[in-house]
Amino acid sequence: MAYDGLARLGVPLGVWSRSHRELIKHLPSSGVVWVIGTGTGTALKAMPPSLQIVSIDASVQMERRAQKALCQHRVLFVRASMQELDMAGLPSPDAIVFPYLLQLVEPEAWRTFEDKIRALNLPKWPGLYVLDFFNPPRQRFWHRLYIPVLLNLYAWSSGQRVHQLNDWFAILEDGAYHSLHSQIWLQGLVEFRVLQKK
């Protein structure tokens, strides 16, 4: 499958690898990390071995490839979409990572996901580590040209047609999250944020 190759086309000029190095640099050094939409797992191979990873992905093919890529890590593989995820019995997360997925999640699905986390009664809300494409309000002209290309690449690689990208940062702001760290590349085309619930 051409998943990683498509991702690198969607995130040009070496930003694919630089953005994941930035993500890994800011993760906690120990504890449990849930990764929502793990994909092939190749981008997460540099995660510290002290972390326990819960890999969550709906694709059988992606899970198989991630198992090979992350064979040196402590990983619990869960085959489910974010919306269908049954959190009961999973190790409680210290951090939740969204690598290039959150803009495809509808606001209602996000609220359902939050409700499930809230039901876990965790002593502290897990930090969110979001790596994704630009927010629509900050589009430049060339960003607007890029959107159809990006959506067609996603449809070709996943088989799912998406008609628009959601403004994930606005959704999180509405949910009372604040940004602890941010990094942008390509004039805002790609963003990485560390967020915590207020």
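Residues numbered from 1 in each chain as written. Predicted model: local features only at pLDDT ≥ 70, side-chain atom pairs only at ≥ 80, totals over all residues. Heavy atoms only, no water.

Caption draft 1: Representation of the pattern of salt bridges. All chains considered together, the criterion is met by six salt bridges. Close ionic contact of Arg-111 with Glu-108 constitutes a salt bridge, the shortest N to O distance being 3.1 Å. Placement of the pair is Arg-111 and Glu-108 together in helix H4 (residues 107-119), with a separation of three residues, close to one helical turn. The residue Lys-197 makes a salt bridge to Glu-114 at a minimum N-O spacing of 2.9 Å. Taken as a pair, Lys-197 in strand S7 (residues 190-197) and Glu-114 in helix H4 lie far apart in primary sequence, 83 residues in all. When its relative accessible area of 7% is taken as the criterion, Glu-114 is described as buried. (Salt bridge = Lys/Arg side-chain N within 4 Å of Asp/Glu carboxyl O. Helix = DSSP H or I, 4+ residues; strand = E, 2+ residues; numbered from the N terminus. Buried < 20%, exposed > 50% of the residue type's maximum accessible area, 1.4 Å probe, protein only.)

Caption draft 2: Spotlight on the packing of aromatic side chains. Enumeration over the complete set of coordinates arrives at five aromatic pairs. Between Phe-98 and Phe-113 the ring centres are 6.0 Å apart and the planes differ by 75°, which places this aromatic pair in the edge-to-face class. You can see Phe-98 sitting in strand S4 (residues 95-99) and its partner Phe-113 sitting in helix H4, a full 15 residues away along the chain. Each member of the pair Phe-98 and Phe-113 is classed as buried. (Phe/Tyr/Trp six-rings, centres within 6.5 Å; stacked < 30°, edge-to-face > 60°.)

Caption draft 3: Expanded view of helix H3 (residues 60-69). Those residues of H3 that fall on the buried side of the exposure criterion are Met-62, Glu-63, Ala-66 and Ala-69. All buried residues of H3 project into a common sector of 125° when viewed along the axis, lining one side. Exposed positions of H3 whose direction lies more than 90 degrees from the buried face are Arg-64 and Lys-68. (Arc of directions from axis to C-beta.)

Caption draft 4: Seen up close, H4. Spanning 13 residues, H4 covers 19 Å between terminal C-alpha atoms, matching the ideal 18 Å at 1.5 Å per step. Inspection of H4 places Ala-109, Trp-110, Phe-113, Glu-114 and Ile-117 among the buried residues, and these make up the whole buried set. Seen along its axis, H4 keeps its buried residues to an arc of 140°; they face one direction. As for H4, its buried residues are in contact with strand S1 (31-36), S4, strand S5 (127-133), helix H6 (168-174), strand S6 (177-185) and S7. Backbone geometry just after H4 places Asn-121 at a positive phi near 55°. (Expected span 1.5 Å × (residues − 1). Contact = heavy atoms within 4.5 Å.)

Caption draft 5: Here's a closer look at the sheet that holds S7. Taking strand neighbours across the sheet as the criterion, the seven strands line up as S3-S2-S1-S4-S5-S7-S6 in an open arrangement whose pairing is mixed. Among the strands making up the open sheet, the edge pair consists of strand S3 (74-79) and S6. Along the sheet, successive strands turn relative to each other by an average axial angle of 15°, direction set aside. Summarising the sheet, strand S2 (residues 51-57) and S3 pair through six bridges and their orientation is parallel. Looking at the pairing, Val-54 lines up with Leu-76 of S3. Across the face of the sheet, helix H2 (residues 15-26) comes into contact with S4, S5, S6 and S7 while running at roughly 150° to S6. Relative to the sheet, H3 contacts S2 and S3, its axis offset from that of S3 by approximately 175°. (Pairing = 2+ DSSP bridges. Axes fitted to C-alpha atoms, helices over the stretch in contact; angles between N-to-C directions.)

Read these as geometric descriptors, not functional statements.
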